[in-house]
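# Coordinate analysis (summary)
One-letter residues, chain by chain:
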Amino acid sequence: MKGLIFDIKRYSIHDGPGIRTTVFLKGCPLKCLWCHNPESQNSKPQFFYYRDKCIGCKLCVSVCSTKGLTFRDNKIARNSCEYCLKCEEVCPSLSIKTVGKYYSIPDLVNIIKKDIDFYGSTGGVTFSGGEPLMQYDFLMEALKTLKEKNINIAIDTCGYTTSERILQVSEFADIFLYDLKHFDNHKHKELTGVGNDLILQNLKLLSKTGVKIIVRVPVIPTLTDSEDNLKSIRDFVESLRGDITLEPVFYHDIMTGKYELCEMEYALNHLTKPDEYYKKEKSSILGVSYDEAS
């Protein structure tokens with residue numbers, strides 16, 4: 001059994017408590033307008049294209065198995081590319097880089113074992129994405145193996161999966177980082193491509209298991225940051241039982257370069273990054289002090 005992983009970030013301090021190894025699995029059922037990892041959305045391997053490195057040799061075009069690559073206007077153009085990734089093998093300028101590599105459970109565990117000494121009493125492994133539950137079978141096998149080694153496990157999820165799966169994962173997870181994008185179902189679908197009924201239902205079920213949950217709220221100017229939305233999320237979370245807290249995640253634009261590498265259009269270039277006053281105000285609405293949020 002192998003899982004498709006697009007990044008493994010070691011010594012991470014933003015994906016759960018303590019020092020962690022974050023494993024980013026490919027594939028996501030949501031298409032959030034502000035997605036921080038656009039390369040995670042596709043459930044298949046793909047490539048980053050570094051246009052400024054390209055020397056125009058066209059070797060990539062010559063080896064394409066589907067003849068789906070062409071070269072025009074001094075750049076690669078993909079017509080019917082199926083990501084055979086032969087282009088990366090022959091590129092002399094390293095302008096093509098594969099995003100997504102298959103790992104076996106032993107492969108992954110061997111990488112994680114190198115970091116165990118840094119975890120201390122609070123750190124561990126975080127499975128993120130994309131949406132890790134899209135690769136449910138691989139995820140479950142990884143969780144079982146890591147639990148046998150007494151490693152703390154966090155699951156970073158959007159909650160858009162079957163209730164059966166999220167409850168089964170909860171038996172092995174120590175903490176959930178649970179994204180709640182917008183409380184209004186119609187608006188949630190407009191911003192992410194799916195409604196939030198299942199997401200809210202799964203959060204309710206998960207809160208009853210006793211597992212620790214951090215509900216992370218993306219605070220995106222003009223899209224999710226209205227007082228009504230933030231209050232609705234706060235009230236909903238406060239109505240749930242269990243070990244559950246709120247954490248705002250404020251908009252930033254450091255990921256925009258990845259959209260270019262993926263040859264995807266980024267729709268939110270008009271937004272500006274929030275200042276400190278904005279962060280304090282929105283944190284207050286959620287009932288969280290800005291010191292805690294930051």
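Details of the structure are given in the entry above.
Residues numbered from 1 in each chain as written. Predicted model: local features only at pLDDT ≥ 70, side-chain atom pairs only at ≥ 80, totals over all residues. Heavy atoms only, no water.

### Brief notes about the overall build of the protein chain
Within the protein chain, the secondary structure is distributed over 12 helices and 12 strands. The C-alpha atoms of the protein chain give 20 Å as radius of gyration, which agrees with the globular expectation for 294 residues (19 Å, within 12%). Projected onto its principal axes, the C-alpha coordinates of the protein chain cover approximately 60 × 45 × 30 Å. Looking at the protein chain as a whole, 50% of its 294 residues qualify as buried. Residue pairs in contact within the protein chain that sit at least 24 positions apart in sequence constitute 68% of those at least 6 positions apart. Of the roughly 14300 Å² of accessible surface on the protein chain, a fraction of 48% belongs to carbon and sulfur atoms. (Helix = DSSP H or I, 4+ residues; strand = E, 2+ residues; numbered from the N terminus. Rg over C-alpha atoms; globule rule 2.2 N^0.38 Å. Buried < 20%, exposed > 50% of the residue type's maximum accessible area, 1.4 Å probe, protein only. Contact = heavy atoms within 4.5 Å. Areas by Shrake-Rupley, 256 points an atom, 1.4 Å probe, with all protein chains shown as cover.)

### A closer look at helix H5 (residues 136-148)
Helix length check: H5, at 13 residues, gives a terminal C-alpha distance of 18 Å against a target of 18 Å (1.5 Å per residue), a fit within 8%. Within H5, burial applies to Tyr136, Phe138, Leu139, Met140, Ala142, Leu143 and Leu146. Of the residues trailing H5, Asn150 is marked for its positive phi of about 55°. (Expected span 1.5 Å × (residues − 1).)

### Structural notes on the pattern of salt bridges
Inspection of every chain in the model, using the stated rule, returns 12 salt bridges. The partner of Arg10 in a salt bridge is Asp115, with the nearest N and O atoms 2.7 Å apart. Linking Arg10 in strand E1 (residues 2-12) with Asp115 in the loop between helix H3 (105-113) and helix H4 (116-119), this pair joins segments that are 105 residues apart in sequence. Judged by its relative accessible area of 2%, Asp115 falls in the buried class. One salt bridge in this structure joins Glu276 and Lys279, with 3.9 Å as the shortest N-O distance. Of the two residues, Glu276 and Lys279 are both situated in helix H11 (residues 276-285); the distance of 3 residues between them amounts to about one turn of the helix. By relative accessible area, Glu276 is classed as partly exposed at 41%. Looking at Lys279, the relative accessible area reads 19%, which means it is buried. Counted as one network, the salt bridges with shared partners bring together Asp156, Asp179, Lys181 and Arg216. (Salt bridge = Lys/Arg side-chain N within 4 Å of Asp/Glu carboxyl O.)

Purely geometric stuff here, so don't read any function into it on its own.
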